[in-house]
Each structure stands twice: as structure tokens, then as C-alpha cells.
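Tertiary structure, described
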Amino acid sequence: MPERILWVAATRQELTGLADSAWTAVTGCGPAAAAAGLAMALMEGKPDRIVGVGISGAYPSSPFRPPDVVRVDVDSFVDLGAEGPDGFLDLWTLGIPEPGSNRQYLSESFDPIAHLPAARGATCSTCTGTLATQLLREATGAQVESMEGAAWALVAARCSIPFHQIRAISNIAGPRDRLSWKMREALDALSSALEGLSR
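Residues numbered from 1 in each chain as written. Predicted model: local features only at pLDDT ≥ 70, side-chain atom pairs only at ≥ 80, totals over all residues. Heavy atoms only, no water.

Description of the packing of helix α1 (residues 31-42) against helix α4 (residues 149-158)
Their axes nearest at 8 Å, the elements α1 and α4 cross at an angle of 35°. The two elements α1 and α4 cross, and the hand of that crossing is right-handed. Where α1 abuts α4, its residues Pro31, Ala34, Ala35, Leu38, Ala39 and Leu42 lie against Ala151, Trp152 and Val155. (Axes fitted to C-alpha atoms, helices over the stretch in contact; angles between N-to-C directions. Helix = DSSP H or I, 4+ residues; strand = E, 2+ residues; numbered from the N terminus. Left-handed = near helix turned anticlockwise from the far one by under 90°. Contact = heavy atoms within 4.5 Å.)

In C-alpha cells, the structure reads:
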């Protein structure tokens, strides 16, 4: 019996390349929309696994450049917390997450995407646009950033469903330079990577 896979993305165009018969959900951008949208999709039934797909930025210190396609094996919320005299403190450093909550979300192995290079992700509500923010987020060990990954992973974990993530790099995350973005190239690379995975 084939696995029932739910393919989830922030926007419809990021799902291009999947078979017409694929089970898909579009959640919208940002952690809140991502979590709410996936939770609503799961009301239609429980899949065997969830695969999140989309484009993302890569930090300059990472080995990734547009339009590389990576699998994100580790993801975490990097701007969820509070500012203080010593800088930004995440919820776990502040000691206020609810019992059993995760600082990081780890993906299980999934053979169809095992050939993709592995990356560490950062999920944020505001994309990086300054050098100061870039350095702060790189210090967490993250290599790529998105606005949905850890939120999807959180919902999947709460529902005991294996979660995986595929991202195509569209830009370098740092001082904002929109002219250097390669969104079309990243979407094309993502579509190529997805072809065959849902068939």
C-alpha cells in the first residue's frame, strides 16, 4: 500500500512539479499561518508523512548558493523570545517553554530525498535584512532560513507524523539586496527536484 504523503508549502507555486494527484496543502507565509494551515489540512485525514517544500535564504557562511536544493534535517525558531540588555534570548534560555517543548525539530530519514545535501534551518517571523541579524542567526548554527519550517515540524510532531523538508535557495540572507535574488531559478530547481517524488 503506497504511503499517503501530504505535501505542504507556503504558496501554490512552490508545489509545481508534483503530480496532479498529490495530496497538497497551502498554508500561507509565516510561522502562525504555517501552523494553522497545516493543522486545518490535517482535519481532512492523517497522512503517513508530511513533506514541507519551498524556497529559502542561505546564510553567507553556509556552503549553499542559489539555486541549490537541500533537505533541512534540523530546524528551530530563532526569533521567538525576548530582547534584553545582553541581546536576544530565546524562550528556552529564558526558561519558559511548556514542558516537553522542543528547541529543535529533527527530521527522520526519508530515502527519496536522502541524496540532497543536508542543511540546518532557522524559522523566523521576519526575514534577515541586516548584517546584525544575519550574524545573530548564523551564531545558532543555522545555514538556511524560512518562515514556516519549524512551525510545520511542530504540528507534525504534536500529531506524531514524520516530517521532512526540502528547500531551494533563492537568495543570500544578509543585508537586503533584492536585485540579487534568484526566485525564478529557485522555483525551477525546486520543481525539478519534486518531479517524480510524488509519482
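Next comes the rest of the account.
Details of empty space enclosed by the protein
Under the criterion given, the structure shown has 2 cavities of 30 Å³ or more. Quantified by volume, the largest cavity comes out at close to 40 Å³. Among the elements of the structure, β4 (69-75) and β8 (118-123) are those that each provide at least two residues to the lining of the largest cavity. Each residue belonging to the lining of the largest cavity can be placed in one class, and the counts come to 2 nonpolar, 4 polar and 2 charged. As a volume, the second largest cavity reaches approximately 30 Å³. Along its surface, the second largest cavity is lined by Ser56, Val72, Asp75, Gly121, Ala122, Val144, Glu145, Ser146, Gln165 and Arg167. Of all the secondary structure elements, the ones that give two or more residues to the lining of the second largest cavity are β4, β8, β9 (144-146) and β10 (163-172). The biggest single contributor to the lining of the second largest cavity is β9, with 3 residues. (1 Å grid on protein atoms, 1.4 Å probe; cavity = no way out; pocket = protein on both sides within 12 Å on 5 of 7 lines; lining within 4 Å. Points joined across faces, edges and corners; volume = space filled by probe spheres on them. Nonpolar A, V, L, I, M, F, W, Y, C, P; charged D, E, K, R; others polar.)

Digging into helix α5 (residues 183-194)
Its 12 residues give α5 an end-to-end C-alpha distance of 16 Å, which sits within 8% of 16 Å, the value for a rise of 1.5 Å per residue. Of all the residues in α5, the buried ones are Ala186, Leu187, Ala189, Leu190, Ser191 and Leu194. Its buried side turned inward, α5 meets β1 (5-9), β3 (49-58), β4 and β10. Trailing α5 by a residue or two, Gly196 shows a phi angle of about 95°, which is positive. (Expected span 1.5 Å × (residues − 1). Buried < 20%, exposed > 50% of the residue type's maximum accessible area, 1.4 Å probe, protein only.)

Structural notes on the layout of surface pockets
When its volume is computed, the largest pocket comes out at roughly 550 Å³. Forming the walls of the largest pocket are 28 residues, and the residues nearest its centre are Ile55, Cys127, Ser170, Asn171 and Met183. Every element with two or more residues in the lining of the largest pocket is listed here: β3, β9, β10 and α5. Per-element tally for the lining of the largest pocket: the top contributor is β10, with 4 residues. Considered class by class, the residues forming the lining of the largest pocket number 11 nonpolar, 10 polar and 7 charged.

Examining the state of the cysteines
Disulfide: a covalent bond formed between the sulfur atoms of two cysteine residues. What the rule picks out here adds up to 0 disulfides. Cys127 supplies the cysteine sulfur nearest to Cys29, a cysteine that is in no disulfide, at a spacing of 8.6 Å. Take Cys127: it sits in no disulfide, and the sulfur closest to it among the cysteines is that of Cys124, at 5.1 Å. (Disulfide = S-S within 2.5 Å.)

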